[in-house]
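The lines below spell out each chain.
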Amino acid sequence: MTDENFEHRVSFEPGELAANVRLGKLEMMYEELFAEVIEDGIITQEERAQLDRMADSLGLDKARLRSLEKALQSAYEARHQVVIKEMYESEEDKEAPRASLQLKQDSGALQQRISFLERRVAELEKALEEAQANVSVDIDLSGVTAKEVPDDDPIELQRRLRHDPRDEAALHTLYRVYEKKKEEDGKWCVAHALVFLGQASPEERAHYNKFRETALVRPKAALSADAWSRLLLHPDEEPLVGEIFAVVAPAVLVGRLSALRRDKQLQKLEAEKKQDPALSTIQAVRCFAWAAAILGMHPPQLFVYPDFDGTAELVPAMPPATKIGGKALSGRSAAELAFIAGKHLAQHRAQEFMRALFSSNAGGGIADLEDIFLAALSIGNPSMPMNERAKQVVVPIAKAIEPILEPTSIDQLRGHFLRFVEEGGRTNLQRWASGVDRTAWRAGLLLANDLMAAQSVFDLEDKERTQERMDDLLSFVSSDRYGKLRKQLGIAIG
């Protein structure tokens, strides 16, 4: 690879860099101000004075700092089933409290917790059975019509391809439709799919080869936020759900870091492995900065770990960081690196961040997302009805999140709650999470412009799921939305 692979045109127009999780100054300084102090569960008068001095020197509001401490303590109590008691040496010392942890040693409380968990398991098993029994099925009777493939209706052809992305007859017909309309980019996208499937005619292959980029795409402008939500977002990723998660993401990240620290699971990144994209000669590092600019994002902090057996991993930190592994540091083509970077950076966007923070790899899952989602809605409407089980789990989470939120964020949650109710008051977070994953694949493909590169990366990660993932991308390549995205970036043919 040459150094020019991950360079933008001089005329490239950067977009507004507002897609990342937004972290306030207070949250950024949390690790230094509070984490080490509460390691032993006690805040002494000396430590309190030190915290106050640090807050003054950093220009932080002490009342806001106390709210953060209260939120973190609430999260700690909820997670570890402990009670934090405020203790004072004397009446005069109330302004400098010492907080101590008193573990619940009541065996009756422990037994209640066990019973609650057993009931929760039973509820989840029942919910799983109901979900499996109510899986929606797309019914397509187009195969029984007199005409197998419509002659000139691209919308119907694309609908068929959503149902079966490997429908060769529909792909060939769609190519001819674009040919009649003289839409060179549409022809190329369909030819791309046919070449990947090994079903391209000589004419289709020739068209693909004629306009195939030997280097990476060179966009004229960054992807706009509107294009992301309107064209790139997978239909299963409900925008409102992501908007709700985006509001609480910074607060949840603070609590998540605290929990990981308490459980001795917080990943420590070595300072000497941190890379500056502007100075680094490592192609993978330069690729992430290149890709972030196209997606309208700030690149995350980048750390290289050749011994890490993976491509790229989001690491919870302040701010969130990326660990680039051996599978991305060597043996990858420029297109494969572009796919890895695009797919990964989508996880750093505020609307999609919660999916990555609570993925199964990160020690979380859909149940965590459900609890946080309900907590966010309850902040937007404290009188929201909840059953007893939900209250036991959701209320402590809401108490941990709310003190960290700005008043404007709480106002946003009120508005989001009203919209959620107006739109039916129902969502499926398993489907939403799957949609987030598929959006990330599409972001990767948009940058890589190469289905074979996408397949190679999927094979590296989980070969058994490669075909399922490629089917989604094949459907996307032949869609009208993909063509519009290419035009928006300025990479469409003609």
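See the structure above.
Throughout what follows, the structure given in this document is the object of discussion. This structure is a prediction, so every number in the text was calculated from the model and none was measured.

1. Observations concerning unusual backbone geometry
Then step 1. Omega for the bond connecting M318 with P319 falls within 30 degrees of zero, at -5°, which places this linkage in the cis form.
Then step 2. With respect to the secondary-structure elements, P319 resides in the loop between β5 (312–315) and β6 (321–325).
Then step 3. Located in the positive-phi region is K182, a residue other than glycine, with phi close to 60°.
Then step 4. Residue placement: K182 occurs in the loop between α7 (168–180) and α8 (184–197).
Then step 5. One non-glycine residue with positive phi stands out, namely K264, at about 60°.
Then step 6. Of note, K264 is situated in the loop between α11 (239–262) and β3 (274–275).

2. Concerning helix α10 (residues 225–232)
Then step 1. Taken together, the buried positions of α10 are occupied by A227, W228, L231 and L232. Seen end-on, α10 carries its buried residues on one side only, within an arc spanning 110°.

3. Overview of the pairing of β5
Then step 1. The sheet contact formed by β5 and β6 spans four bridges and is antiparallel. Paired with V315 across the two strands is A321, which belongs to β6.
Then step 2. Between β5 and β6, which pair antiparallel and follow one another directly, the connecting turn spans five residues.

4. Overview of the environment of A356
Then step 1. When you line up the elements, A356 lands in helix α15 (residues 353–357).
Then step 2. Judged by its relative accessible area of 11%, A356 is buried.
Then step 3. Placed 12 residues apart in sequence, A356 and H344 show a C-alpha to C-alpha distance of 9.5 Å.

5. Considerations on the pattern of salt bridges
Then step 1. Applying the stated criterion across every chain, the model contains 22 salt bridges.
Then step 2. Notably, a salt bridge pairs K327 with D309, separated by 3.6 Å at the nearest N-O pair. Note that K327 is positioned in helix α13 (residues 326–329) and D309 in the loop between β4 (301–305) and β5, a separation of 18 residues in sequence.
Then step 3. Residue class for D309 comes out exposed when judged on its relative accessible area of 61%.
Then step 4. Where D437 meets R355, a salt bridge forms, and the shortest distance between an N and an O atom there is 2.7 Å. Highlighted residues: D437 in helix α19 (residues 429–448) and R355 in helix α15, separated in sequence by 82 residues.

The rules behind these values
- Residues numbered from 1 in each chain as written.
- Predicted model: local features only at pLDDT ≥ 70, side-chain atom pairs only at ≥ 80, totals over all residues.
- Heavy atoms only, no water.
- Helix = DSSP H or I, 4+ residues; strand = E, 2+ residues; numbered from the N terminus.
- Buried < 20%, exposed > 50% of the residue type's maximum accessible area, 1.4 Å probe, protein only.
- Arc of directions from axis to C-beta.
- Pairing = 2+ DSSP bridges.
- Salt bridge = Lys/Arg side-chain N within 4 Å of Asp/Glu carboxyl O.

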